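# A closer look at the structure
Spelled out from the first residue to the last, the chains are:
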Amino acid sequence: MTSLSEHIPPYLARWRRLKDRIATVSITAGGAAVLVAILLIFFYLMYEVLPLFQGASVEPSPGVDWRFDGEPAYLAMEEQGEIAFVIEADGRSHFIQVADGTELGSAELSLDGSPATAIGPEGAESRLLALGHASGAVSLISHEYRLSYPGGTRVITPRIERPYAQYDLSLGQGRIEKLAVIDGDDALILAGVIEGSGLAVVRYNKEEDFLSGELALEREELRMPPLPAETAAVYLGADQNWLYWLDSMGDYVLVDLGNTEQGVQRVADRGNLFRNGGELTTSGMLLGGLSLLSTSSSGELVQHFVVRDESGHRLQRIRGFDTDGTVVTGLLPEHRRKGFIALGDGGELQIFHTTAHRRLFNERLLDDGPVASAAISPRGNSIVALQTGGAVKHWQVHNEHPDISWSALWDKVWYESYDQPDYTWQSSSSSNDFEPKYSFAPLAFGTLKAAFYTMLIAAPLAICGAIYTAYFMAPALRRKVKPLIELMEALPTVILGFLAGLWLAPFIEDKLTGVISLLLIMPIGILLFSFLWAHLPVGLRTRVPDGWHAALLVPVVILLAWLSFATNDLVELWLFGGDMRVWITNEVGISFDQRNSLVVGIAMGMAVIPTIFSIAEDAIFSVPQHLSYGSLALGATPWQTLVGVVLPTASPGIFSGLMIGLGRAVGETMIVLMATGNTPIMDANIFEGMRTLSANIAVEVPEAEVDSTHYRVLFLAAFVLFLFTFGVNTVAELVRQRLRLKYGSL
C-alpha cells in the first residue's frame, strides 16, 4: 500500500517545501521585528531618561585672567553671566566684563555723603539691594541690564536704578551693621542691626491714591522682643510674616511680624540650628525666601523652614546635607531652582539640590587662597569668585537636571509650605520660585487603583460569561452572543470615556443609592429566580431546551435594574435622609467626587470585558470534548466536570486573558483621562478619583518644554509603565507555561 505523498507530483512537493520555508522565515522575521521594536523603545526611553541621573560638572572658563583691585562686599552677575556687579566695602559699585575685566561703569552709592556700611539683598531671584548707611538711613538700588541688538550685535547695557529714591527711609539713628529687606505689594519691610541699639525693624505700609496713583509710605516701627545674644544674621521671609534672627552659636529666634504680645512682636519659636554643636559659619535664604540654609564649624549644612502644628508655628529642621566634613563658608542660592552652591574653607565647591536631597558635585577647585565674594548667574550655568588678594576665578557649570533623585520620585518629601512630608505630583506653577514636585507614588498608586477596580468589575463578569457561553449555552445562541460581545471591543475608548465623563458620572452621582441597591439586589434576585425555577414542575422546565435558560434571565435582570433605580429616591429618603452622598461624607467620613473610581471601573470594565471574555471563552470551548464525555461517563456531574476537568485544562488561556485585560487596564489613557478628576492623590476610596501614569503623560507632554526636566520625567513615567507592563507579561507567561505543563497531560 503506497502513501499519499508518493502520488504528489515532484513540482508540487517542491512548491510546498518552498511555501513552508517562506512561512517559517516570515514568521521568524515578524517575531524578531517585534523584539527589535521593543528593544528600540526600551533604548530610546533610556536615552531620554539617563540625563536625569547624571551629576553636575564644573569647568574653568578659558581666557579669564585678570585681577580685581579692591575689597568686594557684594558680587552678582547678570542673566548671560557676562557682566559682574561688584560693590566694594567703601560703597563704590562697578560693572565689569567677566571675560577680560573691562570696567563698563561705576557709581558712588553713598547717601548724602554717608557711605554704605551694610548691604542687604532682597533674595536670590531679586536684583533689589538695601544699603544701610552710617547715619541710619537706608537707600534702595537695583542693578538692571538692557539687551539690544544694534547692527545685529548683542549689546548688554548695565545701569543702576534707585527705587523709592523720593522717600526718606531709615531704621533709626546710628551706624547700620547688618540689613535685610523685603518688598511686597502692601508693605516694604526693613530689618537691621544698629550699632549700640541692637535689632530694629521698620514696616513702610503702602497706600496708593485712587485718583492720582501716587504711592505713599506710612512708617511703622515694630518692637522686637529681647534677644539672647549679639546678632550674627537677620533675614525676612518672602511672605513678610517672619523674621529669622541668628547668633554666632547657631541659636535662632523666629519672630512673628504679624502678631504682637503686650505691644511686642510675638516669638513663635526659638532653639538651635545644629545637632552637633559648633559655631555658625554662614547662612542664607533659599530661592523663594521660605527656607533658611545654615552651616556650622562642625561641618553641618542644614535646611529649615516654618511649619505649622497644633501648638502653632515652629522653625523645622527639614534635611541635612552631606558635606564630607567640609566647613562651608559661603552659600550661593540659585536664582530659578531650589539648589545652591556651597564654598568650603579649603577651596571646595559643592553643588546641592534641596528637594532632591542630592549632592551633584564635590571637588576642590581653589588652592590659592580663600574666597572673598562669589556669585552665580541667574541661569545657574556660571560662577565667578573674587579671592582675597584680587584673583578672579570663573567657571562654567553644567547642571541640567538637579531636582531628580530616587527619594524625590518615590519617597515622601517635605516640600516648602507643607506641614509634613508627603507624596505630591505638581509639575508646574505660575511663580518663578515654585518648587517642582515629581513624586511618582500617587501616579503609580492611581494606575494600580484604576486597574484594581476595573478588574474587580470586569474579571468576574468576563470569566463567568465565558464559562457559561462556552460550556452551557446552546450553540445557536452562542453564535449570536459571542460576536455581539466581541463587537464591543471595537468601540473606541474615547467614546467610552466621553460617555463615562458626561453621562455615567452624573448618573451615578444622582442615582448612587440605586447603583448600590443594584449591586445587592441583582445577585439575590437571580439566585431567588433560579431557586423558584428549580421547584417548578419538570414538565414545565423541560419545555425550555438545554442551553437556552440564560434567555429567561434577561427580563429578570431588566426588572431588577428598573426596580433598583425606580426606588432610588424612596430608599434614599428612608435610609439616608434624602441624600446618600451627604450621608456618606458626614456620617461615614468618606468623601465623594463625581468622577471617581467607580465610574472608571465600570467604563474601563466595559472596554476590558470583551478582551478577557473572548480569550477565556475560546480557551474553554477548545477543551477536547472527549475529556468532558469521559468525566461524565465516569459519573461526574456537569459542574464537577467543569471544575475538575474543563477549567484546569483551559486555565492557561483563562490566565492569559486576565493578564491581557490587566495590561489593557494599566495602559488605558482616554477613559481615565475623561472619567476621573485627574487628581494625583493616594486614596483607596472608591468614591475618589485618581491620576494614572498614562493619563499624566497624555495631559502634560504637549505642554512640556523639550529636553527640560519635566519633559524627561514624563519619559521616565513612560519607562516605568513600560517596565511594569513588561514585568507583568513576563510573570504571566511563566505562570501560563507552568499551567500548561501541569494540565497539558489531561
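Keep in mind that this is a model prediction, so the values were computed, not measured.

## Things to note about the pairing of strand β20 (residues 291-296)
Along any regular strand, the residues point their side chains to alternate faces of the sheet. Of all six residues that make up β20, six are buried, and the element is covered over most of its length. Residues of β20 alternate between two faces, with S291, L293 and T295 on one and L292, S294 and S296 on the opposite face, all of them buried. The sheet contact formed by strand β19 (residues 280-285) and β20 spans five bridges and is antiparallel. Across the sheet, L280 pairs through a bridge with S296, a residue of β20. The turn joining β19 and β20, which pair antiparallel and follow one another in sequence, is formed by five residues; a positive phi near 100 degrees is taken by G288. Across five bridges, β20 lies against strand β21 (residues 301-309) in antiparallel orientation. When the bridges of β21 are listed, L292 appears paired with H304. Count of turn residues in the β20/β21 antiparallel hairpin: four residues, of which G299 carries a positive phi of about 95 degrees.

## So, the nonpolar core
Within the largest apolar cluster, 72 residues are counted, with the highest numbers of intra-cluster contacts made by F440 and I620. Top contributing element to this core by residue count: helix α11 (residues 597-621), with 13 residues. Leave out the neighbours within four places in its chain, and F440 touches L409, W410, W425, V713, L716, A717 and V720. Grouped together as the second largest cluster of nonpolar side chains are 18 residues, L179, V181, L190 and V202 included.

## Topic: the environment of D186
The residue D186 is located in the loop between β11 (176-183) and β12 (187-194) in this model. The exposure class assigned to D186 is exposed, which follows from its relative accessible area of 61%. Counting along the chain gives 112 residues from D186 to Y74, while the straight-line C-alpha distance between them is 28 Å.

Reading the values: rules and limits
- Residues numbered from 1 in each chain as written.
- Predicted model: local features only at pLDDT ≥ 70, side-chain atom pairs only at ≥ 80, totals over all residues.
- Heavy atoms only, no water.
- Buried < 20%, exposed > 50% of the residue type's maximum accessible area, 1.4 Å probe, protein only.
- Helix = DSSP H or I, 4+ residues; strand = E, 2+ residues; numbered from the N terminus.
- Pairing = 2+ DSSP bridges.
- Core = buried A, V, L, I, M, F, W, Y, C linked by side-chain atoms within 4.5 Å.
- Contact = heavy atoms within 4.5 Å.

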